[in-house]
Structures are given as C-alpha cells and as structure tokens.
Amino acid sequence: AVMQHYDAISTKSNKIMYVIWGMKMKVKIKNFLVLALIALTVTATWSQEAESEFIKSIYDQSLTKGSSYDWLHYLTKKVGARLSGSPQAAAAVEYTRQMLDSLGLDRVWLQPVDVPHWVRGEAEQVRIINSTVLGTQDLHAASLGNSVGTGPLGLVGEVIEVKSLQEVEDLGRAKIEGKIVFYNRPMDKTLHRTFMAYGGAVDQRGGGASQAAKYGAKAVLVRSMTTATDDVPHTGALRYQDGVPQIPALAIATRDADLLSQLLKQEAVKVFLRNTCRMQKPEPSFNVIGEITGSKYPNQVILVGGHLDSWDVGEGAHDDGAGCVQSMQVLQTLKRLGYRPQHTLRCVLFMNEENGGAGGEAYAKAAIADNVFHLAAIESDAGGFLPLGFGLSADAEVIDHYLEMVMPFNDYLQPLGLELTKGGGGSDIGPLRPQKGMLFGLSPDSQRYFDYHHTHIDTFDKVNERELTLGAAAMTTLVYLLDQLGSP
C-alpha cells in the first residue's frame, strides 16, 4: 500500500514537472522569437541608417565638389552647338572622353556609330508679302531638322491653315495642291505635364511635311512646339516618308503663328520662303562610354546617360548637355566616395538623338550581341531643372515585379523631394526594352523646359548650378539604391 501510494505520488510529480518544463520551454521559445525579431529590426534599422547616411554623403559630395557645372560651361561655351556630323560634335566626343578618363574609371572607350549630317545653311527667310492689311512682314523662322531647302531663289505660295494631319487628308488634293500648308495646333496649356502637351502636338512637326506633300503641297510651316507666346522659333526633327516627295519645312514663332492665323481670317495670304539646308553624306562618330566594373555582377549594368549631340541653333545646355554632365558626375561622385558597386555602373553619352537616334540603336545592338544585361538604364533628357523624381517603364511582362521591387525606394527618396512613379524612360535607352530591364527617366520640373527646347536661347546661362547638381545627386542616389537593393 505504501509503495502504491509512493508510485502515485511519483507519477503525479513527474506530470507536474513535465508541465513546468514545458512552460519553461514555451517561455524560452517565446523569448527567443522576441529576441530574433528585435535583432532583425535592429539589423534593418541599422541597414536603413547606413543607406541613409551614404545617401547624405552623396549629396554632400555632389553639392560641394561636383564638376557638372564646370563641364557644362566648357561643353556649351568652348565647344558650342553639337549637331551630329559636325566638327563641334567631334570635339564634344573628345572632350567628354578626356573628362571621363580623368575620373580613374575602370574603362573608358568610344563606340563607333555612323550618323546623318544635316546642314542648316544660310539664315532662313519667311515673309508675308503683299498683304492689304500688313504689307510685307518678316516672320521668325527656323528650318526643321532634316528638311530639304527651297533652293537659292526661294518659293512663293498661298497659305492654307490646318490643325491636324487628318485635316490635310480631309481637305484633299483639290485644296492642298500648290499651297503652303500651315500647321497651327498649339501645345495644350491646360495640361500640367508639359511633356504630355508636347506629345499631343509634335506629330505636326514630325510628319506634317510628308502628309502635306502627298496632296501636292509645295512647303509647310509649323507652329513652334512651346507653351510660350514669343518670337523664338523652335527647330526639331522631321521624318520624310519613303516614296513621298520631300518638301521644305520650317517652324515659325508662336506670336507669328497667331498673327498669320488672324490674318488668314481677313484675307488670302501669300508667303515667301527661302532656306538652303541640305542633307550631306553620313559621318562617322561615337558614343562615349565610361564604367566602373561590378564586383559581384560584372555582366549586369546600371546605366546613366544623356545625348551628347544638340541642335545647331543654340548651345544645347538643357537639351542635353545637362543630362550628359549629370551622368558623368554620377560616376565621379561614387568614385570619390570609394564606393565599390556590385553591378557594373556605366555612363553613356549617346550621339545623334536629335535627328536620327543612331547612337541609342547602335548601343543596344552591341549590348544584346555581347549578352550584357541592363538591370536598369536611367536617362536624363528633360533639362537641368529642379529634380522631382523618376518615372519607370519596362516590358509588360516584368513591370509589376519591378514596381514592387523599387517602390520601397520612396522611403529614401521622398525626404529628398523625389518620388518614383510609373511611366518614364527615354528615347536613347528605349532600344534596350527587349532586354526586360528597368528604364528610368529623370523627371525635373518641366514648366520652363519648352521655353528653351530646340532654340537659340538654350544657353548655359539658363541653367541653375544648384538645380543641375541636385539632378546629378538624385541620379547617383537611385543608382546606389538599385545597386544595393535591386535584383533582376
């Protein structure tokens, strides 16, 4: 009986001890999980603090020791306008190659590309003649890039005003033949995003000449692509269609466009045109490339770039000297900070964006042939104004994955006045889209951009040093975040 009583007590005791042991283990496991969570939180916090601290060093370095403004001064004032195929474009290639070579990069080289060589010729003449209201009056004009000339004697024609390419088709040959077609659809001033307004009007410039020529027009005038009302004509490229006669095409300033439109409401108007522009044989040129080789993923590239060529009428300061020097400063800043990237960081200064796009096409062709994957490409081609963020685009199959990956970057960017949004890229990096990487466009404040775009007033003095440098710092920050946190 005593033994039975002892066994019962012993069994009960063991059960109690087991329960107590289990409770202790649960407490230990719970404590372990809490400690692990704390450890992860501390690690994440430390990582965010470290990244934020490095981003601060990017801005400190960029704003106090960056060279972008000095480079831009030389590019605009010493080299000048840099139209593809010109001696100035060749000088710009050599200057930027030397500057990149001075940064101590792992590699700097020139990538050959054949480019069109269009020459503007003598100063354009556009003149209203024999008006019963105005008499004779000159208009401010600039030939569109790639346009043919009138010949040395010029031409005279009656003007017909249209608002769209479709209207030319609707009017038909009976009303268009022998006329000078005047495209007068303004950029939409009600749109806050000026690039959307530009996109809604620029088809007149690009395709207006060939559309009018199909129906027998002898020349075209195009309202300048700007929201401003002034006396500044804006050039820009046109595209002739194969098999369609090539006719002269000139832009006129917006104030003159309004004047001509009002005059046409009162009387038939004749205009004298004279330009001597012409296309010459293609010329050899180069994309300028510099890189820091990746320590972990050398065949995965994060690219920054702009286009080195510009129109011949100004200095190409905002379009796109600014984007070139900002891209150069990205590598300068990271090199000076002693940063060793995981991915290869590459600066590409593209040739011939303005009137052909040969540089971007040649670069993408070589990248695909060499099996070099571009995890991301960042283009700056919207002016050197205050940066507001970046737009992201990519192939439809991967865009959602990339958006999910990069949207957390806003935690770092928003305190800097920057934001990542969907929709962006650029014409020179566009040919890389089949690789299914990320394509970013730097988004500066664009409200003044189309005041200067493709004009003789796109000059160095229109660029603010601090805004230019902040753009370079913003690009450097995005490159750093992509290198640290991005993955294919």
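Structure: see above.
Everything quoted here is computed from the prediction, not taken from an experiment.

(A) Summary view of the packing of aromatic side chains. For the structure shown, the criterion picks out twelve aromatic pairs. A ring pair is formed by Tyr74 and Tyr95, whose centres lie 4.2 Å apart and whose planes are at 20°; its orientation type is stacked. A residue pair is termed long-range when its members are at least 10 positions apart, and Tyr74 in helix 2 (residues 68–79) and Tyr95 in helix 3 (residues 87–101) qualify at 21 residues. On the basis of relative accessibility, which here comes to 12%, the residue Tyr95 falls in the buried class. Arranged with centres 6.5 Å apart and planes meeting at 15°, the rings of Phe385 and Tyr452 form a pair that is stacked.

(B) Seen up close, the nonpolar core. In this structure, Leu308, Ile378, Phe390, Val406, Met438, Phe440 and Leu482 are the most contacted members of the largest nonpolar core, which totals 70 residues. Counting residues per element, this core draws most heavily on helix 13 (residues 465–485), which supplies ten residues. Judged by nonpolar contacts, the second largest core, of 31 residues, contains Ala201, Ala217, Ala249 and Tyr452.

(C) Expanded view of the sheet that holds strand 2 (residues 125–131). Pairing is mixed in the open sheet, where eight strands are placed in the order 3-2-9-5-6-7-8-4. Of all strands in the sheet, those with a lone pairing partner are strand 3 (135–139) and strand 4 (141–143), marking the two edges. Each adjacent strand pair in this sheet contributes to an overall mean axis angle of 30°, direction not counted. Bridge analysis of strand 5 (residues 155–162) against strand 9 (residues 270–274) gives four bridges, and the strand direction is antiparallel. If you follow Leu155 over to strand 9, its bridge partner there is Leu273. On the sheet, helix 4 (residues 165–176) packs against strand 5 and strand 6 (180–183) and is oriented at approximately 135° with respect to strand 5.

(D) A look at the packing of helix 2 against helix 3. Put simply, helix 2 and helix 3 touch, their axes get as near as 10 Å, and they point 155° apart. In terms of their interaxial angle, helix 2 and helix 3 are classed as roughly antiparallel. Handedness of the helix 2/helix 3 crossing: right-handed. Taken together, the residues of helix 3 that come into contact with helix 2 (itself represented by Asp70, Trp71, Tyr74, Leu75 and Val79) are Gln88, Ala91, Ala92, Tyr95, Thr96 and Met99. Of the residues in the contact of helix 2 with helix 3, the class split is eight nonpolar, two polar and one charged.

(E) Structural context of the pairing of strand 3. Looking at chain direction, strand 2 and strand 3 are connected through four bridges and run antiparallel. The residue of strand 3 that forms the bridge with Arg127 is Asp138. Between strand 2 and strand 3, which follow one another and run antiparallel, lie three residues.

(F) Expanded view of the sheet that holds strand 12 (residues 343–350). As summarised here, the arrangement of the eight strands in space is 1-10-12-11-13-16-14-15, forming an open sheet in which the pairing is mixed. The sheet terminates laterally at strand 1 (107–119) and strand 15 (419–422), the two strands that pair on one side only. Each strand of the sheet is rotated relative to its neighbour by a mean of 25°, with strand direction disregarded. Looking at chain direction, strand 11 (residues 297–307) and strand 12 are connected through eight bridges and run parallel. The residue bridging Gly305 from the neighbouring strand is Val348, located in strand 12. Here helix 3 sits on the sheet and contacts strand 1, strand 10 (278–292) and strand 12; the angle it forms with strand 10, its principal contact strand, is near 5°. Packed onto the sheet, helix 9 (residues 358–369) meets strand 1, strand 10, strand 11, strand 12 and strand 13 (373–379) and runs at close to 140° relative to strand 1.

Rules used in this analysis
- Residues numbered from 1 in each chain as written.
- Predicted model: local features only at pLDDT ≥ 70, side-chain atom pairs only at ≥ 80, totals over all residues.
- Heavy atoms only, no water.
- Phe/Tyr/Trp six-rings, centres within 6.5 Å; stacked < 30°, edge-to-face > 60°.
- Helix = DSSP H or I, 4+ residues; strand = E, 2+ residues; numbered from the N terminus.
- Buried < 20%, exposed > 50% of the residue type's maximum accessible area, 1.4 Å probe, protein only.
- Core = buried A, V, L, I, M, F, W, Y, C linked by side-chain atoms within 4.5 Å.
- Pairing = 2+ DSSP bridges.
- Axes fitted to C-alpha atoms, helices over the stretch in contact; angles between N-to-C directions.
- Contact = heavy atoms within 4.5 Å.
- Parallel < 35°, antiparallel > 145°, perpendicular 65-115°, else oblique.
- Left-handed = near helix turned anticlockwise from the far one by under 90°.
- Nonpolar A, V, L, I, M, F, W, Y, C, P; charged D, E, K, R; others polar.

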